[in-house]
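A closer look at the structure
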2 protein chains.
Amino acid sequence: MIQVAVLGYGTVGSGVVEVIEKNKAEINKKSGEALNIKYILDLRDFPGDPYENKVVHDVNVIMDDPEVKIICETMGGLKPAYDFTKRALMSGKSVCTSNKELVAAHGPELIRIAHENKCNYLFEASVGGGIPIIRPLNYSLTAEKIDAITGILNGTTNYILSKMEKEGADFAEVLKEAQEKGYAERNPEADVEGYDACRKIAILSSLMCGKNVKYEDIYTEGITKITATDFVYAHAMGKTIKLLAQSKEADGKFYAMVAPFLIGRDHPLYMVNDVFNAVCVHGNMLGDSMYYGKGAGKLPTASAVVSDVVDCARHLGKVIMCFWDDTDVALTGIEEAKRSFFVRVSGDKEKEAIAAFERVRVVEADVPGEFAFVTDVMTEKEFNEKAEKIGIISRIRIEE
Amino acid sequence: MIQVAVLGYGTVGSGVVEVIEKNKAEINKKSGEALNIKYILDLRDFPGDPYENKVVHDVNVIMDDPEVKIICETMGGLKPAYDFTKRALMSGKSVCTSNKELVAAHGPELIRIAHENKCNYLFEASVGGGIPIIRPLNYSLTAEKIDAITGILNGTTNYILSKMEKEGADFAEVLKEAQEKGYAERNPEADVEGYDACRKIAILSSLMCGKNVKYEDIYTEGITKITATDFVYAHAMGKTIKLLAQSKEADGKFYAMVAPFLIGRDHPLYMVNDVFNAVCVHGNMLGDSMYYGKGAGKLPTASAVVSDVVDCARHLGKVIMCFWDDTDVALTGIEEAKRSFFVRVSGDKEKEAIAAFERVRVVEADVPGEFAFVTDVMTEKEFNEKAEKIGIISRIRIEE
């Protein structure tokens, strides 16, 4: 019997307990030994809950119990999760987490501490909810040099954009509806400004290069400025708008960013709608592969945490491969990244646009009082210089 | 240094050598120790090839060399691959293969022999080419009870169907073109009759339930009867036609089949075009997840073989989890499977169709001299009885 503790009995934590109970037969078979939830740490009591008697309020009970081998950290946030995790790892207890903030902020340190203590710090649930993506990167694509990762990593913004597209509605309206339905938080900033996707792509980028990509260094732009009119144009171009998180390595330069992009119908991410997430990985031998599924939600996220628990159970006392050291990667500023841009200007400025951009592809759509076009491929820097000359309403990057 | 031998220096075998050479740095880092190709077994000589001096014609050289720890079996076919694999495993050498025929025919026996000899028989490349799907099933979805797998598992047929859809061309015409381009074999039977997909879904189904699903028991129907007219109707319904390989477990019954299906725009497999493959896995906690990528080709397939080599290198002397025992699964006949059907009848037989099927949804398309409709959901058996009453041109199953 392997004793497990769960820190935080909220949505994901209670999901972990539910998954371990419901799929007991499958999970114990794969773990090689039965798992048992010995403690649940929470400040609250849960009278009437079937696991009521497992709830403890003092973390020391868990930390000081040598029987506990695996801890699920489903508290979220940096404090006190960081301290609890460090303490657990230092005493040789493996930690499985859904906490992307903590992984993005302290991943390499916590992995190092785990390995020094012959245990593991696993975080499959921190990116893409239940979609297996961390493990495929670490164990499956081992024969590849991965040079690009592009993902739809935030379900809330993807739901909002999908809804805006379908209904022709504006951002504020759809956000309000999403909040009423519980698909968006009261304070939606972390999602709609791209901060959540930024932490997730920082984690994936770090695993891609084996070094540390700091989330603070990643250029991040949210979806708050995307309008119903942008979707009118997108539709006219046979494209849609998605919040993409991406990182690319080319010619020794490493780019990472989060921003809304126009993508076409033949892009594998085009069909990823509503709360679904997906990650495209490009390797030098395999080309593109994609991983798709529910990026959030109680049971999908809990399923990923429990898959880490199974992995830890099978590797008690052994280190599971994970290359993410604490050397920081120097990201190249996105000013040097090259792409084409979709641009809207007010009035009939075709001449001015051509004067500034030399060559443009006009986008025809039924939007009065505007002129819209797609530029040639150029650096962000060049684009900004040219755009400044004519004054624009807005621009959206195009992902080829 | 870990010594590796490659059996068969054809497309995949030479790809394995190329991948190990090109991505040496990444692969050796992940293996924990450098890999070295010590032998390549082939009947032919390869004068001028950079690996010329590694080529041997006698398999005993490899089998009798205790330094060789890992063997890549990229010969294909049952003979002599089966004997070579057994012999290697019995002497404690791990075997990594792309040989789906052999895995489908003798998987559980070879896995058992491997585990008895503290080595491994891995076959990531046998399904979906370079798409990580075996490893996600075995190591990632460990907290799930998987109840359905549906895949596009054959690139040739998917290329043909995609082409037929795009160009409104007929099967024979597109097949000829595909053969000229090298996308289809001279003898295309294994692909177009669904036999290749059948072996692959047998492997996935076996891993899904941990028991043995015999490929001979799987109902298999190819794409040779699909016509350009079928795509006219599919288009009118907002659907496309894909060769799906699927298995489902429900109420203690286990179904598996390969056949062309109509699928709608919101199905994740709808966008899988050309030579791409994809596998949808449904778990009871996670819901749907999908794995997408190049299902064939020299380097993608070789990349999957080499990822298995890395896994073996990290687990020398240790058994890697794989549940597939040799208890045969009794499949339920597809006569009991329930779905709706798209049906074409000649002439204006609306009345007869309603008389036979009670209720039908008429499909309007510009096809003279025919009447076409979609039935309610019913078992295959019921459908066949009703269809016999009116005499039909053809039917295609509908995947919801």
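From a predicted model like this one, the values you see are computed outputs, not experimental measurements.

Parameters at a glance
Within every chain, residues take consecutive numbers counted from 1 along the sequence as written. A letter from A marks each chain and a number from 1 marks each ligand, given out in the order of writing. Per-residue local features of the predicted model are confined to residues with pLDDT of at least 70, and side-chain atom pairs are confined, for both listing and counting, to 80 or more; whole-chain, interface and lining totals are unaffected and use all residues. Labels follow the DSSP assignment, with helices taken as runs of H or I lasting at least four residues and strands as runs of E lasting at least two, numbered in each case from the N terminus. With the radius of gyration taken over C-alpha atoms, the globule rule is written as 2.2 Å times the number of residues to the power 0.38. With C-beta atoms placed from the backbone, the exposure class of a residue follows from how many other C-beta atoms lie within 10 Å of its own: 20 or more, buried; 12 or fewer, exposed; in between, partly exposed. Two residues qualify as a contact pair if the distance between their C-beta atoms, derived from the backbone, is within 7 Å. Just so you know, the domain bounds were taken from an automatic or database domain assignment. As a working rule, the residues Ala, Val, Leu, Ile, Met, Phe, Trp, Tyr, Cys and Pro are called nonpolar, Asp, Glu, Lys and Arg charged, and the rest polar, with Gly in that last group. When DSSP finds two or more bridges between a pair of strands, those strands are recorded as paired. Axis definition: a line fitted to C-alpha atoms, limited for helices to the stretch in contact. Angles are taken between N-to-C directions and run from 0 to 180 degrees. Angle categories: roughly parallel below 35 degrees, roughly antiparallel above 145, roughly perpendicular from 65 to 115, and oblique for all the rest. Note on convention: the crossing is left-handed when the near helix lies turned anticlockwise from the far helix by less than a right angle, right-handed when the turn is clockwise. Helix span is expected to be 1.5 Å times the residue number reduced by one.

1. Topic: the overall build of chain A
- The helix and strand tally for chain A stands at 14 helices and 18 strands.
- The globule rule puts the C-alpha radius of gyration for 400 residues at 21 Å, and the 23 Å found for chain A is close to it.
- Dimensions of chain A, computed from C-alpha atoms along their principal axes, come out at roughly 75 × 45 × 35 Å.
- Classification of the 400 residues of chain A by burial places 50% in the buried group.
- The contacts of chain A with a sequence gap of at least 6 include a subset with a gap of at least 24, amounting to 73%.

2. Observations concerning the domain arrangement of chain A
Residues and elements named next belong to chain A.
- When cut into domains, chain A gives domain 1 (2–129 + 298–314), domain 2 (135–294) and domain 3 (334–399).
- A C-alpha centroid distance of 23 Å is found between domain 2 and domain 3.
- Each partner contributes residues to the interface: domain 2 has 18 residues there, and domain 3 has 13 residues.
- When residues of the side of domain 2 that touches domain 3 are traced back to their parent elements, those giving at least two are helix H11 (228–236), strand E9 (239–250) and strand E10 (253–264).
- When its residues are assigned to classes, the side of domain 2 that touches domain 3 shows 14 nonpolar, 2 polar and 2 charged.

3. Some details on the sheet that holds strand E4 (residues 68–73) of chain B
Residues and elements named next belong to chain B.
- An order of E3-E2-E1-E4-E5-E6 is seen for the 6 strands of this open sheet, with the pairing classed as parallel. Each edge of the open sheet carries a strand with a single partner, namely strand E3 (55–56) and strand E6 (121–122).
- Summarising the sheet, strand E5 (residues 94–97) and E6 pair through 2 bridges and their orientation is parallel. Bridging from a neighbouring strand, Cys 96 pairs with Leu 122 of E6.
- This element, helix H4 (residues 81–90), spans strand E1 (2–7), E4, E5 and E6 of the sheet and lies at about 160° to E4.

4. Overview of the pairing of strand E7 (residues 146–152) of chain B
Residues and elements named next belong to chain B.
- Among the 7 residues in E7, 5 count as buried, and that is most of the element.
- Pairing of E7 with strand E11 (residues 276–283) involves 6 bridges; the strand directions are antiparallel. Paired with Ile 152 across the strands is Ala 278, a residue of E11.
- Across 4 bridges, E7 lies against strand E9 (residues 239–250) in antiparallel orientation. Bridged to Ala 148 within E9 is Lys 248.

5. Re the interface of chain A and chain B
- Contact residues are listed per partner, giving 43 residues for chain A and 43 residues for chain B.
- Elements represented by at least two residues in the side of chain A that touches chain B include exactly helix H2 (24–31), helix H6 (134–140), strand E12 (287–294) and helix H12 (298–314) of chain A.
- Residue contributions to the side of chain A that touches chain B peak at 9 residues, all from H12(A).
- Here 5 bridges tie E12(A) to strand E12 (residues 287–294) of chain B, and the two strands are oriented antiparallel to one another. Looking across to E12(B), one finds that A:Tyr291 is bridged to B:Tyr291.

6. A word on the packing of helix H7 (residues 155–167) of chain A against helix H8 (residues 171–181) of chain A
Residue and element names in this part refer to chain A.
- Direction vectors running N to C along H7 and H8 enclose 125°, while the axes themselves pass 9 Å from each other. Considered as vectors, H7 and H8 are oriented oblique to each other. Both H7 and H8 take part in a crossing whose hand is right-handed. Residue-level inspection shows Thr 156, Tyr 159, Ile 160, Lys 163 and Met 164 of H7 in contact with H8, the latter providing Phe 171, Val 174, Leu 175 and Ala 178.

7. Some remarks on helix H7 (residues 155–167) of chain B
All names here are of chain B.
- The first and last C-alpha atoms of H7 sit 18 Å apart over 13 residues, in line with the 18 Å expected at 1.5 Å per residue.
- Looking only at H7, the buried set comprises Gly 155, Thr 156, Thr 157, Asn 158, Tyr 159, Ile 160, Leu 161, Lys 163 and Met 164.
- The inward-facing, buried residues of H7 abut E7, helix H8 (171–181), helix H9 (189–192), helix H11 (228–236), E9 and E11.
- Just beyond H7, the residue with positive phi is Gly 168, at close to 65°.

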